[in-house]
Amino acid sequence: MADGESSRSAQHEQRALRVSMAVSIALSAVALVWGLAAGSQVILLDGVYAILGLGLSWLALYASRLAAVGPTPRFPFGRESLVPLVVGVQGLALLGTLVYAAVEAVRVILDGGSDVAAAGLAAYGAVSGLACFAAYGYLVRHGPRSDLIRADAAVWLAGAVTSIVIAVGGVVAVLLGTTAWRGAKVYADSVLVLLSCVMLARLPVRMLRQAASELLESAPEPAVQQLIREVIERVRAAEGLPEPVLRTGKVGHKLYVDVGFVVPPGRWDIADEDRVRRTLRDGLAALPYAPWTVVELTTDPGLVL
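Residues numbered from 1 in each chain as written. Predicted model: local features only at pLDDT ≥ 70, side-chain atom pairs only at ≥ 80, totals over all residues. Heavy atoms only, no water.

Caption draft 1: Structural detail: the nonpolar core. In this structure, Val-42, Tyr-49, Leu-94, Leu-121, Val-193 and Leu-203 are the most contacted members of the largest nonpolar core, which totals 28 residues. Elements with a contribution of two residues or more to this core: helix H2 (41-69), helix H3 (82-110), helix H4 (118-142), helix H5 (147-176), helix H6 (188-200) and helix H7 (202-215). Excluding residues that lie within four positions of it along the chain, Val-42 makes contacts with Leu-121, Ile-166, Asp-189, Leu-192, Val-193 and Ser-196. (Core = buried A, V, L, I, M, F, W, Y, C linked by side-chain atoms within 4.5 Å. Buried < 20%, exposed > 50% of the residue type's maximum accessible area, 1.4 Å probe, protein only. Helix = DSSP H or I, 4+ residues; strand = E, 2+ residues; numbered from the N terminus. Contact = heavy atoms within 4.5 Å.)

Printed below as a string of structure tokens:
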């Protein structure tokens, strides 16, 4: 990815994150006011979730700005590791919120439940769901190649699913109020909280797994690995090079590609190595990341293994 394109991508990413923050501010204010007025635990949880999303979006925006600076004298390899680190912090914060909400919901159930206006639950769920789906759709359209935006979009999608659960639960509670099971209405709010926590639990676990994997510089996704191998194969065929020793790793936007060729002595020089490196660099420019490419031609197998 060229420097100009990388800069535009970073600006695009930061603009999308600012939009996400603006929606979070509006939605959290609505949820907290609505939840306090209705005395609803699940709506308050949604408000806290929105506030948490606001803080995490700000953290992601800050990480995006730092990562976009590139290498500096103090950080000669850049600060791309901030991206998976922020994703990990997002996962931990979400997991902690869900655990607290689930424990509190169980406490309310054991205390005999709480009386909440079921129609209010249904109305809030519908409004919140539309807002979350709109934010999710915007982020998916404007940042499909950004890990930070993908993580933020996943949070919005989870919020949309939770809102649907709240809306459906509110409708069910309204219907229960017209039957002999009307006494179960007092548990509807807390049961919805538990359902939301169960449905959302996979999200922070997945985010933590992704963050740990990238911080350990694991290989990129299979599709990217395949593209790298195809580019290397074209270069290898054009230059008459042997099968290489290939190492790849991904951290944030940065893609590490280390290629070592064991060649016969007396045939290759530095100019040849430079030509191979330029050809490989140009071939990898189409990838949705910033490749950090190292090419080595050596006559000693021990230097590349």
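Caption draft 2: Representation of the pairing of strand E1 (residues 245-251) in the model. Here E1 pairs with strand E2 (residues 254-262) via seven bridges, running antiparallel. Looking at E2, one finds that Val-251 is bridged to Lys-254. Here E1 folds back onto E2, and the loop between the two strands holds two residues, one of which, Gly-252, carries a positive phi near 65 degrees. (Pairing = 2+ DSSP bridges.)

Caption draft 3: Layout of the sheet that holds E2. Ordered by their spatial adjacency, three strands build an open sheet running E1-E2-E3, and the pairing between neighbours is mixed. Only two strands of the sheet have a single partner each, and these edge strands are E1 and strand E3 (290-298). Averaged over all neighbouring strand pairs, the angle between strand axes comes to 10 degrees, with direction disregarded. (Axes fitted to C-alpha atoms, helices over the stretch in contact; angles between N-to-C directions.)

Caption draft 4: Spotlight on a nonpolar patch on the surface. On the surface, a cluster of nonpolar side chains totalling about 390 Å² of accessible area is made up of Phe-133, Leu-157, Ile-164, Val-168 and Val-172. The biggest single contributor to the nonpolar patch is H5, with four residues. Relative to the elements of secondary structure, Leu-157 occurs in helix H5. (Patch = residues over 30% accessible without salt bridge, like charges linked within 9 Å, V, L, I, M, F, W, Y side chains within 5 Å. Areas by Shrake-Rupley, 256 points an atom, 1.4 Å probe, with all protein chains shown as cover. Salt bridge = Lys/Arg side-chain N within 4 Å of Asp/Glu carboxyl O.)

Caption draft 5: Broad picture of H3. Here H3 spans 42 Å end to end across 29 residues, near enough to the 42 Å set by a 1.5 Å rise per residue. Just downstream of H3 lies Gly-112, where phi reads positive at about 105 degrees. (Expected span 1.5 Å × (residues − 1).)

Caption draft 6: Molecular detail of the pattern of salt bridges. Enumeration over the complete set of coordinates arrives at eight salt bridges. Here Arg-236 ties to Glu-233 by a salt bridge, and the two come within 3.0 Å at their closest N and O atoms. Linking Arg-236 with Glu-233, this pair stays in helix H8 (residues 222-239), spanning three residues, or about one helical turn. Judged by relative accessible area, Glu-233 falls into the partly exposed class, the value being 36%. Taken together, the shared-partner salt bridges in this structure form one network comprising Glu-233, Arg-236 and Glu-243.

Caption draft 7: Molecular detail of the side chain of Thr-298. Checked against the element boundaries, Thr-298 lands in strand E3. The contacts of Thr-298, once residues within four sequence positions are left out, are Phe-261, Val-262, Val-263, Leu-303 and Val-304.

Caption draft 8: Main features of the packing of H2 against H5. Close contact between H2 and H5 brings their axes to 10 Å; oriented N to C, the two are set at 170 degrees. For the element pair H2 / H5, the angle class is roughly antiparallel. For the pair H2 and H5, the contacting residues are Val-42, Asp-46, Tyr-49, Ser-57, Ala-60 and Ser-64 in the first and Leu-148, Asp-152, Val-155, Ala-158, Gly-159, Thr-162, Ser-163 and Ile-166 in the second. Its residues assigned to classes, the contact of H2 with H5 shows seven nonpolar, five polar and two charged. (Parallel < 35°, antiparallel > 145°, perpendicular 65-115°, else oblique. Nonpolar A, V, L, I, M, F, W, Y, C, P; charged D, E, K, R; others polar.)

Caption draft 9: Region of the structure containing the environment of Leu-215. Summarising the element assignment, Leu-215 is placed in helix H7. You can call Leu-215 partly exposed: its relative accessible area is 42%. Along the backbone, Leu-215 and Val-23 are 192 residues apart, and their C-alpha atoms lie at a distance of 30 Å. Not counting the four nearest positions on each side in its chain, Leu-215 is found in contact with Ser-81, Pro-84 and Leu-85.

Caption draft 10: How the structure looks around the packing of H2 against H4. Running from N to C, H2 and H4 point in directions that differ by 20 degrees, and their axes come no closer than 10 Å. The angle between H2 and H4 places the two elements in the roughly parallel class. Considering only the axes of H2 and H4, their crossing is left-handed. Contacts between H2 and H4 involve Val-42, Ile-43 and Asp-46 on the former and, on the latter, Gly-120, Leu-121, Tyr-124 and Ser-128. A class-by-class count of the residues in the contact of H2 with H4 yields four nonpolar, two polar and one charged. (Left-handed = near helix turned anticlockwise from the far one by under 90°.)

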